[in-house]
Amino acid sequence: MKALDKLEKHLKERLSELSKEKEKGHKIIGYAAGGYLPEELVLACGAIPLCFIQAGNNSILRRSGAYICRWFDPFWRSQIGFITSGKDPYYNIVDLIVVPITDNHVRAFSNTVGYYTPGKELFVFGVPHVKDKLALDYYLQGINRLKKTLENFTGVEMTDSRLQESIGLCNRERELFREISIMRKSGNHMVNSKDFVALNHGSFLADKEFMIDILESYIQEVQDSSMLPKDGPRILLTGSTLARGDSKVLDIIEDCGGIIVMEEFAEGIRPYWGRVRVEGDLMSNLAESYFMDRICPGWFRPGTERLDFLVNLVKEYHIKGLVWYQLIYRESYKVESYFFPDMLRKETGMNMLTLESEYDAMETGPMKTRIETYIETMRR
Amino acid sequence: MSNYYDGLLKLCGFEDAEIENERPRIESSFEKLGIVPADMERANSWVRQNHDVSLEGVRKLLGAWLQELIDLVLSKEEGKKIVYFGFPAILGPGLMLSASSEDVFVSAPDMVLDHTMGQIFNKLTPILESGEANGLPPGHALCSLWQAKIGGIASGMIPVPDLALASSYFCDMGSKADDLVAAQYEIPVAYIDGVMDSKWGEFPEYLPERVHYLGGQINQALEKAEKVLGIKIAPDAWERSQKESRGFVDNLLKLLELMKSDPVPISVVELELLEALSGSSTGRGIREGTKAMSILVEELEERVKAGTGITEKRAPRVMMAAGHCSDPRVTHLIEEAGLAVPLTMVLSWIGGPKIEPKGDYDTPGEKMANYELAAANFHGTDASIKLFEWGSKVMKLDGVIAHYLYNCRPAATTSHAQKKYLEEKTGLPVLALEIDNFDSRSYSADSMRTKVETFAELVKARKRTGYKSLT
Ligand code: SF4
């Protein structure tokens, strides 16, 4: 795939490009994963958004042990490891880190870095866990405060026209991701899940306009390709986090002959199903789309919206198997993994496979055995 | 006519007439709980081994927990509408519901099970195992308090509630476990949502938005509760519940003064009994508990006058956030190592500098939210650590046992920062101690003994060599 090669090259050069942008006076705004920071706000004030989504390396995870106990989600402990060790160059290059606080794992990250790395400038705002008018207002207040902070930080006023332009850009990106994702419904096009995930991860770091070109080229390449769909059970992969660098499950499923045709993750996969309206009050539109319209992650209560969404995906994407990939100690997902299988079975007759990870290489063997067995039972 | 349990109940402060009056209820609830004659010997010696039953106030406190247990177990068959809330909780909504109808029973059932089936009968393990088998398996650092709640419901010991009041402002685990109960038993949940989104160092400041949001959520939950329970919240419910808790707070202030004495007059094991009761019961338990507390305060005044206490005079003084909820041996370990514990988290709230709530709010929900944010309870991580810093000054401490609950994310957030912060700010030695405050199977007293004893030696040596405690 030429588009993916281009993206890879772009990402290799990205850090030096960002340094140049910094020299030109552009601010770089890093933000915590979870999909609750509207990148539109960063772009509208001429700054560059970067999302921290690297993880999967156990040695970085271990470094976090000097700052927090092990009973937190390994993705967020990895973020603590990266920021305190200075080993992720993206953490080093940003001028401001924005943390939309979703659950207690993200709060632990925010508090730990707030205390141990006081030199890093942080802006935090909260994401409620229920969907109602009060919650929407609270989220809107949070992003309004963020808007002001960014304006002060960059010295650029976010006019409506600037915001409209950035919304247009981000809408286009979401639309393209949607298009690629929907191609997988029919099975006529060969969209590889690893490619889709790589595009997603790339989009958190790449230049926005460049990324849109890449997505357009990718779609073109897929449409032009004569590749036939592979023969294998269609799989939905879901969980809290699919980090850049955490490809173990994707690799094993593929090795075992499964075809992942849908990934549903709160962190690591960009929420791409929504579209932000460009008419009317733009900040309210952003809040509506990012908070209210988005399918909620597992730490919302009740989490039924997401569980219903998964059931629908199973039906719409002709899924034969659902792999629930949770990171250890992320309790919202662990608890849901107890009662969701019943719901799934009732609605679709399907059993799901639950896997758990702490980014440990030792997990690979047992995980492979379980995935092989699961895929084997689907083939029968 | 006496029965097999009379002796234990008397040990727990029940009067003969009370037992006689309550006999059918006691028997019915014990049957549901699987409490049998063979349990009595163990319970008797367990209570005597762990509690200072020479104090009438302590005996009555144990009795108050038992009364709460009996009311809880029988609530459904006695026709009550049942509301369970998570722990810790903003108590206001529960108190208001309780004050609005005699037909509503509002409680934190897991805490009740811990303090009775754990601290009195030493029979908590099967309940925890039932929780593990019904959705909260071991090995995932899931909350053991919730394991007790789910286990209690699954084993039929405690009834399925009519409404769950979810503490969605503090903990993800609790609210998600409420979802689990809702999925299993099809019960409604009123989520009181909030976000602990303060930045490190922000306390005592907080944004008015937080008050509006959390307060609005409380108001909404109360409206939902009215609908689900078919009651009307009395217009003066908030004022009445405030007035009722006044007695408890006044006694707590007296206790704080008494705990400044050397030697400290009472073990933190007993303090835990009353602190936890105030956060778990909105009914008979807390009413009887407050009376017990008054007796206890008088008894402790006597001890202080006589210069007696539970440790040697001049024993080094340390703080710990709270005693163990189900197994007092874990708490006793600290005192057995020769350390006095005059300060807990609840006493720090009472004794630390008062942060005045900011702004005026009209609705009950906002008033509660404003109070709680100023009081630090549900503000954020640095807020609770700062309380300890302030509290350590009030109590002239020689050290801090900064324990954190490994399976409670809001508490575990402080695992490392708390030690570093308090050491730097107070100059005191701090022991970061990982525990499970509700389940001692993996985190037993013995598993912590070496750490605690070594720390105690360090603190004693510092004190002996003339280091000045914080003033
Ligand atoms: S995890 Fe902590 S805050 Fe949550 S219910 Fe358990 S003890 Fe309470």
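Here the residue numbering is sequential within each chain, running from 1 through the sequence in written order. To read the labels, note that chains go from A and ligands from 1, taken in the order they are written. Where local features are concerned, this predicted model is filtered to residues with pLDDT of at least 70; where side-chain atom pairs are given and counted, the filter is 80 or more; whole-chain, interface and lining totals use all residues. Side-chain measures here rest on the full set of heavy atoms in the structure, leaving out hydrogens and waters.

## Describing the overall build of chain B
Put simply, the test is: To qualify as a helix, a DSSP run of H or I must reach at least 4 residues; to qualify as a strand, a run of E must reach at least 2; elements of each kind are numbered from the N terminus. Both definitions apply: the radius of gyration is a C-alpha atom measure, and the globule rule equals 2.2 Å times residues to the power 0.38. Accessible area is worked out with a 1.4 Å probe on protein chains only. A residue is then buried under 20% of its type maximum, exposed over 50%, and partly exposed in between. Here a residue-residue contact requires only that any non-hydrogen atoms of the pair lie within 4.5 Å. For accessible areas, the Shrake-Rupley method is used with a probe of radius 1.4 Å. Any residue's cover is judged against the shown protein chains and nothing else. Within this scheme the basic residues Lys and Arg register as positive and the acidic residues Asp and Glu register as negative, but His and the chain ends are omitted. A charge is said to be at NZ when it belongs to Lys, at CZ for Arg, at CG for Asp and at CD for Glu.
Counting secondary structure elements, chain B contains 20 helices and eight strands. Compactness check: chain B gives a C-alpha radius of gyration of 21 Å against a globular reference of 23 Å for 471 residues, within 12% of the reference. For chain B, the proportion of its 471 residues judged to be buried stands at 65%. Across chain B, the fraction of contacts at a sequence separation of at least 24, relative to all contacts at a separation of at least 6, is 79%. Accessible area for chain B stands at about 16600 Å²; split by element, carbon and sulfur atoms hold 52% of it. Taking the average location of the 51 positive side-chain charges in chain B and that of its 68 negative ones, the two points are 5 Å from each other.

## Comments concerning the overall build of chain A
Helix and strand counts for chain A come out as 15 helices and eight strands. C-alpha extents for chain A along the principal axes are approximately 60 × 50 × 45 Å. Within chain A, buried positions represent 62% of all 380 residues. Residue pairs in contact within chain A that sit at least 24 positions apart in sequence constitute 76% of those at least 6 positions apart. As displayed, chain A has an accessible area near 13900 Å², and 49% of this comes from carbon and sulfur atoms. The positive charge centre, built from 49 side chains, and the negative charge centre, built from 54, are 3 Å apart in chain A.

## Topic: the site of the ligand
To be explicit about the condition: Residues are counted as near a molecule or strand when any one of their heavy atoms sits within 4 Å of it. Any residue outside Ala, Val, Leu, Ile, Met, Phe, Trp, Tyr, Cys, Pro, Asp, Glu, Lys and Arg is labelled polar, Gly included; the first ten of those are nonpolar and the last four are charged.
Taken together, Phe87(B), Pro88(B), Cys143(B), Trp146(B), Phe170(B), Cys171(B), Asn407(B), Cys408(B) and Phe438(B) make up all the residues around the ligand. Taken together, the residues of the shell around the ligand sort by class into eight nonpolar, one polar and no charged.

## Quick notes on the sheet that holds strand S8 (residues 430-435) of chain B
All names here are of chain B. So the rule is basically this: Strand pairing follows a simple DSSP-based rule, namely that at least 2 bridges must link the two strands. Here an axis means a line fitted to C-alpha atoms, over the contact stretch when the element is a helix, while the angle between two N-to-C directions is reported on a 0 to 180 degree scale.
Taken in spatial order, the four strands make up an open sheet running S6-S5-S7-S8, and their pairing is parallel. One side of each edge strand has no neighbouring strand; the edge strands of this open sheet are strand S6 (340-343) and S8. Averaged over all neighbouring strand pairs, the angle between strand axes comes to 35°, with direction disregarded. Relative to S6, strand S5 (residues 317-320) runs parallel, the two sharing two bridges. Residue pairing across strands places Met319 opposite Leu343, the latter belonging to S6.

## Topic: the nonpolar core
Defined as follows: Only buried residues count toward a nonpolar core, which is a set of Ala, Val, Leu, Ile, Met, Phe, Trp, Tyr and Cys residues joined through side-chain atoms within 4.5 Å.
In this structure, Leu199(A), Tyr325(A), Leu97(B) and Phe121(B) are the most contacted members of the largest nonpolar core, which totals 314 residues. At 11 residues, helix H4 (residues 56-74) of chain B tops the list of elements feeding residues into this core. Apart from residues no more than four positions distant in its own chain, Phe121(B) is found in contact with Leu8(B), Phe30(B), Ile35(B), Met40(B), Arg42(B), Ala43(B), Trp46(B), Leu66(B), Leu69(B) and Thr116(B).

## Quick notes on the packing of aromatic side chains
Aromatic rings considered in pairs are described by the distance between their centres and by the relative angle of their planes. To be explicit about the condition: Only rings of Phe, Tyr and Trp enter the pairing, Trp through its six-membered ring, and a pair is recorded when the two centres are within 6.5 Å. The plane angle decides the type: under 30 degrees is stacked, over 60 is edge-to-face, the rest tilted.
Evaluation of the coordinates by the stated rule reveals 32 aromatic pairs over all chains. Ring centres of Trp76(A) and Phe109(A) lie 5.3 Å apart, and the angle between their planes is 55°; on these two criteria the pair is classed as tilted. Linking Trp76(A) in helix H4 (residues 74-85) with Phe109(A) in helix H6 (residues 104-116), this pair joins segments that are 33 residues apart in sequence. Judged on exposure class, the residue Trp76(A) and its partner Phe109(A) are both buried. Judged by centre distance (5.7 Å) and plane angle (85°), the ring pair of Phe30(B) and Phe121(B) falls under edge-to-face. Residue Phe30(B) is located in helix H2 (residues 16-33), and its partner Phe121(B) is located in the loop between helix H6 (109-118) and helix H7 (125-133); the two are separated by 91 residues in the primary sequence. In this pair, the class of Phe30(B) matches that of Phe121(B), namely buried.

## A short note on the pattern of salt bridges
All names here are of chain B. What counts here: We count a salt bridge whenever a side-chain nitrogen from Lys or Arg sits within 4 Å of a carboxyl oxygen from Asp or Glu.
Counted according to the given criterion, the structure contains 68 salt bridges over all chains. Asp71 serves as the salt-bridge partner of Arg284, at 3.0 Å between the closest nitrogen and oxygen. Within this pair, whereas Arg284 is found in helix H13 (residues 284-306), its partner Asp71 is found in helix H4, the two being separated by 213 residues in sequence. Since its relative accessible area comes to 18%, Arg284 is described here as buried. Look at Asp71 and you get buried, because its relative accessible area is 13%. For the salt bridge of Arg210 with Asp197, the shortest nitrogen-to-oxygen distance reads 3.6 Å. One end of the pair, Arg210, is in helix H10 (residues 208-229); the other, Asp197, is in the loop between strand S4 (189-191) and H10, and 13 residues separate them in sequence.

## Things to note about the interface of chain B and chain A
Here is the rule: The term buried area denotes the loss of accessible surface (1.4 Å probe radius) that occurs when two parts are joined, taken as the sum for both partners.
Each partner contributes residues to the interface: chain B has 53 residues there, and chain A has 47 residues. Carbon and sulfur atoms make up 61% of the surface buried where chain B meets chain A, a total of about 4200 Å² over both sides. Looking at the side of chain B facing chain A, the largest losses of area belong to Asp172(B), Lys176(B) and Arg409(B), adding up to 18% of the total buried there. Across the chain B-chain A interface, the total number found is four salt bridges.

## Comments concerning empty space enclosed by the protein
Here is the rule we go by: Grid spacing is 1 Å over the protein atoms alone, the probe is 1.4 Å, and a cavity is where that probe fits but cannot get out, while a pocket is an open set with protein on both sides within 12 Å along at least five of seven lines and lining residues have an atom within 4 Å of a point. Grid points are joined across faces, edges and corners, and a volume is the space filled by probe spheres set on the points.
Scanning all chains against the criterion turns up six cavities of 30 Å³ or more. Its volume calculated, the largest cavity comes out at about 90 Å³. Taken as a whole, the second largest cavity encloses approximately 80 Å³ of empty space. The wall of the second largest cavity is formed by Tyr138(A), Tyr169(B), Gly194(B), Val195(B), Met196(B), Arg210(B), Tyr213(B), Leu214(B), Leu373(B) and Phe378(B). For the lining of the second largest cavity, the leading source of residues is H10(B), giving three residues. Residue composition of the lining of the second largest cavity, by class: eight nonpolar, one polar and one charged.

## Quick notes on the packing of helix H9 (residues 193-203) of chain A against helix H10 (residues 208-224) of chain A
Any two packed helices are characterised by how steeply their axes cross, that is the angle between the axes, and by the distance between the axes. All names here are of chain A. Just so we agree on the cut-off: An angle counts as roughly parallel when it lies under 35 degrees, as roughly antiparallel when it exceeds 145, as roughly perpendicular when it falls between 65 and 115, and as oblique in every other case. Handedness of a crossing follows from how the near helix is turned relative to the far one, being left-handed for an anticlockwise turn of less than a right angle and right-handed for a clockwise one.
Between H9 and H10, the least distance of the axes is 10 Å, while the angle of their chain directions is 165°. Compared by their axis directions, H9 and H10 come out roughly antiparallel. Our pair here, H9 against H10, has a crossing hand that is left-handed. Where H9 abuts H10, its residues Asp195, Leu199, Gly202 and Ser203 lie against Lys208, Met211, Ile214, Leu215 and Tyr218.

## Some words on the sheet that holds strand S3 (residues 163-166) of chain B
Residues and elements named next belong to chain B. Spatially, S2-S1-S3-S4 is the arrangement adopted by the four strands of the open sheet, whose pairing is parallel. Sheet topology places strand S2 (104-107) and S4 at the edges, where each strand pairs with a single neighbour. Pairs of neighbouring strands in the sheet enclose a mean axial angle of 20°, with direction left out of account. On top of the sheet, helix H5 (residues 92-100) reaches strand S1 (81-85), S2 and S3; it is set at about 160° to S2, its chief contact.

## Quick look at the side chain of His403(B)
All names here are of chain B. With respect to the helices and strands, His403 occurs in strand S7 (residues 399-405). In this structure His403 comes out as buried when scored by relative accessible area, which is 8%. For His403, the contacting residues outside a window of four places in its chain are Met320, Ala321, Ala322, Gln418, Leu433, Ile435 and Asn437.

## Comments concerning unusual backbone geometry
The step from Arg301(A) to Pro302(A) runs through a cis peptide bond, and the omega angle for that step is -10°. By the element assignment, Pro302(A) lies in the loop between helix H12 (282-293) and helix H13 (304-316). In this chain, Asp262(B) is followed by Pro263(B) through a cis amide linkage whose omega measures 0°. You can see Pro263(B) is positioned in the loop between helix H11 (237-259) and helix H12 (268-278). Residues other than glycine seldom take positive phi values, yet Arg314(B) does so here, at roughly 65°. Mapped onto the elements of the fold, Arg314(B) is located in the loop between H13 and S5. Located in the positive-phi region is Lys396(B), a residue other than glycine, with phi close to 50°.

## Points about the environment of Asp172(B)
The criterion, for reference: Contacts described as polar in this section are N or O atom pairs within 3.5 Å, which, within protein, must combine one atom able to donate a hydrogen with one able to accept it, while residues neighboring in sequence count only if both atoms come from side chains.
For Asp172(B), the position within the fold is in helix H9 (residues 172-185). On the basis of relative accessible area, Asp172(B) is assigned to the buried category, the value being 2%. Taking the C-alpha atoms as reference, Asp172(B) lies 17 Å from Pro137(B); in sequence the two are 35 residues apart. When sequence neighbours within four positions are dropped, the list of residues in contact with Asp172(B) reads Asp103(A), Asn104(A), His129(A), Trp299(A), Arg301(A), Glu331(A) and Ser332(A). A distance of 2.8 Å separates a polar side-chain atom of Asp172(B) from the backbone nitrogen of Asn104(A).

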